[in-house]
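Listed below, chain by chain, are the residues.
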Amino acid sequence: MHLGEYLACATKRLIEAGGDNPRLSAEILACEVLCLHGVQSVSDSARLFCITETRRELSEDEVERLDSLLAKRAAGCPVAQIVGRKEFYGRDFLVSRHTLIPRPETELLIDIILQKLPDCLQIFADLGTGTGCIGCILAVERPSWRGLLIDSSMAALKVAQANSIRLGLEQRLTVLCGDIQRQPLMGCSLDILVSNPPYIAWSERDSVMEEVFRWEPRDALFSEENGLQHLAGCIRAAAQTLRPGGWVLLEHGATQGQAVRQMLCDQGVFVRSETAHDLAGHERCTYAQKRVK
């Protein structure tokens, strides 16, 4: 069977299974089986390969391995978990069932930090780090910075540690077990606290894609107090651990910007609070500076 023929059949199967982006999913899985490591997470590269190699004859072993991966995708397993990687800010990150899959909207946090915060800031914490993608990218883009990757899940921290090693950052990044509500940091020890915490209210679970609800860790998705509990914990942590002049940056839900700004105001130590919008025009990230005394 030629690759093009297999992709047509695979796409049809995934359409029938109700999967998202069936053709692209099939192409990425094909690249994974055909050993194109380093490009399979980049959709354009996968698509280009599948176009140029459409007449490639697949061996029985390749078809068998493709069928195995395709069965997982048809059952709803995310492509990133099947191949074990996901691209974020131009680099591949290892993922597992114990971490959220990095998403493009979270790149807005990186953009804000790199565009608006001075290079002289040096010590940061990525609170609720998951894969470590936020902290790792900050360390890549700012070679003089050092950071902490903090999570309450030891399984997630193993993934974050592996990602820091893959990127050659283990000398500047430290993984640390800690909960957002009871973070283990000293007062006035950070220049930046950044987090993409759980912020979905359990009452909103029906709005979460079934694939996400079934396959990604719920304790990294859902938060009590109408989705605001972990955001409030991050803000309390920032008020305590940031040095004067330090910055807190938080991803949140599209309707939570006002509540986050109010919580920052209620701490009485933050100024210059602003909310940035994602590409869809939704409020997505709020950031503020700790007052310089």
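Residues numbered from 1 in each chain as written. Predicted model: local features only at pLDDT ≥ 70, side-chain atom pairs only at ≥ 80, totals over all residues. Heavy atoms only, no water.

Thoughts on the overall build of the protein
Turning to step 1, where the next piece is worked out: A tally of regular secondary structure across the protein gives 12 helices and nine strands.
Turning to step 2, where the next piece is worked out: Once the C-alpha set of the protein is aligned to its principal axes, its extents read approximately 70 × 40 × 35 Å.
Turning to step 3, where the next piece is worked out: Restricting the contact set of the protein to residue pairs at least 6 apart, pairs at least 24 apart contribute 66%.
Turning to step 4, where the next piece is worked out: By element, 51% of the accessible surface of the protein is carried by carbon and sulfur atoms, the whole surface being about 13700 Å². (Helix = DSSP H or I, 4+ residues; strand = E, 2+ residues; numbered from the N terminus. Contact = heavy atoms within 4.5 Å. Areas by Shrake-Rupley, 256 points an atom, 1.4 Å probe, with all protein chains shown as cover.)

Considering the packing of aromatic side chains
Turning to step 1, where the next piece is worked out: Applying the stated rule across the entire model yields seven aromatic pairs.
Turning to step 2, where the next piece is worked out: Taking the centre distance of 6.0 Å and the plane angle of 40 degrees together, the rings of W202 and F213 count as tilted. Here W202 is found in the loop between β6 (190-195) and α9 (210-215), whereas its partner F213 is found in helix α9, with 11 residues between them in sequence.
Turning to step 3, where the next piece is worked out: With 6.1 Å between their ring centres and 75 degrees between their planes, F213 and F222 make a pair best called edge-to-face.
Turning to step 4, where the next piece is worked out: The ring centre of W145 lies 5.9 Å from the NZ or CZ of R142, which sits over that ring.
Turning to step 5, where the next piece is worked out: Its guanidinium or amino end placed over the ring of F213, R218 lies 3.8 Å from that ring's centre, counting from NZ or CZ. (Phe/Tyr/Trp six-rings, centres within 6.5 Å; stacked < 30°, edge-to-face > 60°. Lys NZ or Arg CZ within 6 Å of the ring centre and 35° of its normal.)

Side note on helix α6 (residues 107-116)
One turn of the α-helix equals 3.6 residues, which is why residues spaced by three or four share an orientation.
Turning to step 1, where the next piece is worked out: Within α6, burial applies to L108, L109, I110, I112, I113 and L114.
Turning to step 2, where the next piece is worked out: On its buried face, α6 sits against β1 (85-88), α7 (133-141), β6, β7 (242-251), β8 (270-277) and β9 (283-290). (Buried < 20%, exposed > 50% of the residue type's maximum accessible area, 1.4 Å probe, protein only.)

A word on the sheet that holds strand β3 (residues 123-127)
Turning to step 1, where the next piece is worked out: Strand order in the open sheet formed by seven strands is β5-β4-β3-β6-β7-β9-β8, and the pairing between neighbours is mixed. Of all strands in the sheet, those with a lone pairing partner are β5 (173-177) and β8, marking the two edges. Direction aside, the axes of adjacent strands within the sheet are offset by 15 degrees on average.
Turning to step 2, where the next piece is worked out: Bridge count for β3 against β6 is four bridges, and the pairing is parallel. Bridged to F124 within β6 is I192.
Turning to step 3, where the next piece is worked out: Against the sheet, α6 makes contact with β6, β7, β8 and β9, and its axis sits at roughly 35 degrees relative to β9, the strand it touches most.
Turning to step 4, where the next piece is worked out: Its contacts with the sheet put helix α8 (residues 154-166) on β4 (146-151) and β5, and the angle it makes with β5 is roughly 175 degrees. (Pairing = 2+ DSSP bridges. Axes fitted to C-alpha atoms, helices over the stretch in contact; angles between N-to-C directions.)

Comments concerning the side chain of Q256
Turning to step 1, where the next piece is worked out: Of note, Q256 is situated in the loop between β7 and α12 (257-267).
Turning to step 2, where the next piece is worked out: Given a relative accessible area of 7%, Q256 falls into the buried group.
Turning to step 3, where the next piece is worked out: Residues contacting Q256, with those up to four places away along its chain left out, are Y199, N226, G227, L228 and L231.

Digging into the environment of V208
Turning to step 1, where the next piece is worked out: Within the secondary structure, V208 sits in the loop between β6 and α9.
Turning to step 2, where the next piece is worked out: Residues V208 and V271, 63 residues apart in the sequence, show an inter-C-alpha distance of 33 Å.
Turning to step 3, where the next piece is worked out: With sequence-adjacent residues up to four places away left out, V208 is seen in contact with I200, F213 and F222.

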